[in-house]
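Examination of the molecular architecture
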Amino acid sequence: MRELSLNILDIAQNSVKAEASKVEIGILAENNLLTIYVSDNGKGMTKEFLASVTDPFTTTRTTRKVGMGIPLFKMAAESTGGSFSIESEVGKGTKTTASFVIDSIDRMPLGNVAETLTSLIMTSPQIDFKLIYRVDDREFIFDTAEFKTLLEGIPIESAEIINYLKEYLDDNIKIVNGGMDL
Ligand SMILES: Nc1ncnc2c1ncn2[C@@H]1O[C@H](COP(=O)(O)OP(=O)(O)OP(=O)(O)O)[C@@H](O)[C@H]1O
Ligand SMILES: [Mg+2]
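1. Regarding the site of ligand 1
- Among the 20 residues in the neighbourhood of ligand 1, the closest are listed as Asn 14, Ala 18, Gly 67, Gly 69 and Ile 70.
- Sorting the residues of the shell around ligand 1 by element identifies α1 (4-17) and α3 (69-78) as the ones contributing at least two each.
- The residue makeup of the shell around ligand 1, split by class, is six nonpolar, ten polar and four charged.

Laid out in structure tokens, this is it:
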């Protein structure tokens, strides 16, 4: 994977598979550290399962025997000198957090967060996605639950809305970046 936004997509798809109704994605950059988390209110994991979940051979997939989403995200973070953690509780949800040393030569660029978010919205329009995007003291928050109330019945996954959202998210992310992409 060459962009962290693709890792984020993968981790958020785990939340979708875990039947979450709410998924929050945090992207926070400060003091040379980029922290990315995905938290959900899905079905969660048992302690035993959680203990082995960073192992590629841990998966509840039935189509193949390896699950790479979590191991790849962990490796991407740790290779920069950053860290990785995952907390989960059965019936409550899961929070996956990875921190990246921003100026490490091994850090992948963040990539297209707007694209990641809109593809999640398109494939799971019924789920509430919240993005918290922060660089230093500049912050942008987008919540599909709030946005849907403005749509007055127009489906959020319709092409016009998705195209609008891509631009809207991109513009706001650029403003928060302040001229330097992450
Ligand atoms: N947010 C979550 N809530 C509940 N279970 C999860 C969550 N994230 C991961 N899991 C469990 O951990 C397993 C491993 O996840 P991982 O993303 O590493 O691989 P995968 O999703 O199985 O396969 P891949 O990501 O390669 O498509 C999943 O199969 C799932 O059982
Ligand atoms: Mg996965």
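2. Describing the sheet that holds strand β2 (residues 33-40)
- One open sheet accounts for six strands, arranged β3-β4-β2-β1-β5-β6; its pairing is mixed. Each of the sheet's edge strands pairs with one partner strand only, and the pair in question is β3 (83-89) and β6 (138-143). Taken over all neighbouring pairs, the strand axes of this sheet differ in orientation by 5 degrees on average, direction set aside.
- Bridge count between β2 and strand β4 (residues 93-101): eight bridges; the pairing is antiparallel. Across the sheet, residue Ser 39 finds its bridge partner in β4, namely Lys 95.
- Lying over the sheet, α3 contacts β3 and β4, oriented at roughly 145 degrees with respect to β3.

3. Describing the pairing of β2
- Pairing analysis gives eight bridges linking strand β1 (residues 22-30) to β2, with the strands arranged antiparallel. Along β2, the bridge assignment pairs Gly 26 with Tyr 37.
- In this antiparallel pair of consecutive strands, β1 and β2, the connection spans two residues, and Asn 31 shows a positive phi of 50 degrees.

4. Notes on the environment of Thr 116
- Position of Thr 116 relative to the elements: it lies in helix α4 (residues 113-123).
- Sequence-wise, Thr 116 and Asp 10 are 106 residues apart; in three dimensions their C-alpha atoms are separated by 9.4 Å.
- Excluding residues that lie within four positions of it along the chain, Thr 116 makes contacts with Ser 5, Ile 8 and Leu 9.

5. Observations regarding the packing of α1 against α3
- Closest axis-to-axis distance for the α1/α3 pair is 9 Å, and the angle between their directions is 145 degrees. In the crossing of α1 with α3, the sense of the turn from one axis to the other is left-handed. Residues Leu 4, Asn 7, Asp 10, Ile 11 and Asn 14 of α1 pack against Gly 69, Leu 72, Phe 73 and Ala 76 of α3.
- When the residues that make up the contact of α1 with α3 are grouped by side-chain class, the tally is five nonpolar, three polar and one charged.

6. As for the packing of α4 against helix α6 (residues 159-177)
- Remark: α4 packs on α6, axes separated minimally by 9 Å, with the N-to-C direction vectors making an angle of 145 degrees. For the crossing formed where α4 meets α6, the hand is right-handed. Within the contact between the two elements, α4 uses Val 113, Ala 114, Glu 115, Leu 117, Thr 118, Ile 121 and Met 122 and α6 uses Ile 162, Leu 165, Lys 166, Leu 169, Asp 170 and Ile 173.

7. Points about the nonpolar core
- If you look at the biggest cluster of nonpolar residues, it comprises 36 residues, and the most contacted ones within it are Ile 8, Ala 12, Ile 25, Leu 117 and Phe 129.
- Those elements that place two or more of their residues in this core are α1, β1, β2, α3, β4, α4, β5 (128-135) and α6.
- Excluding residues that lie within four positions of it along the chain, Phe 129 makes contacts with Val 23, Ile 25, Leu 117, Leu 120, Ile 121 and Thr 144.

8. Some remarks on α4
- Inspection of α4 places Val 113, Ala 114, Thr 116, Leu 117, Thr 118, Leu 120 and Ile 121 among the buried residues, and these make up the whole buried set.
- Elements in contact with the buried residues of α4: α1, β1, β5, α5 (144-150) and α6.

What counts, and where the lines are drawn
Residues numbered from 1 in each chain as written. Chains lettered and ligands numbered in written order. Predicted model: local features only at pLDDT ≥ 70, side-chain atom pairs only at ≥ 80, totals over all residues. Near = placed C-beta within 6 Å. Helix = DSSP H or I, 4+ residues; strand = E, 2+ residues; numbered from the N terminus. Nonpolar A, V, L, I, M, F, W, Y, C, P; charged D, E, K, R; others polar. Pairing = 2+ DSSP bridges. Axes fitted to C-alpha atoms, helices over the stretch in contact; angles between N-to-C directions. Contact = placed C-beta atoms within 7 Å. Left-handed = near helix turned anticlockwise from the far one by under 90°. Core = buried A, V, L, I, M, F, W, Y, C linked by C-beta atoms within 7 Å. Buried ≥ 20, exposed ≤ 12 C-beta atoms within 10 Å, placed from the backbone.

By themselves, these observations are geometric and do not establish any function.
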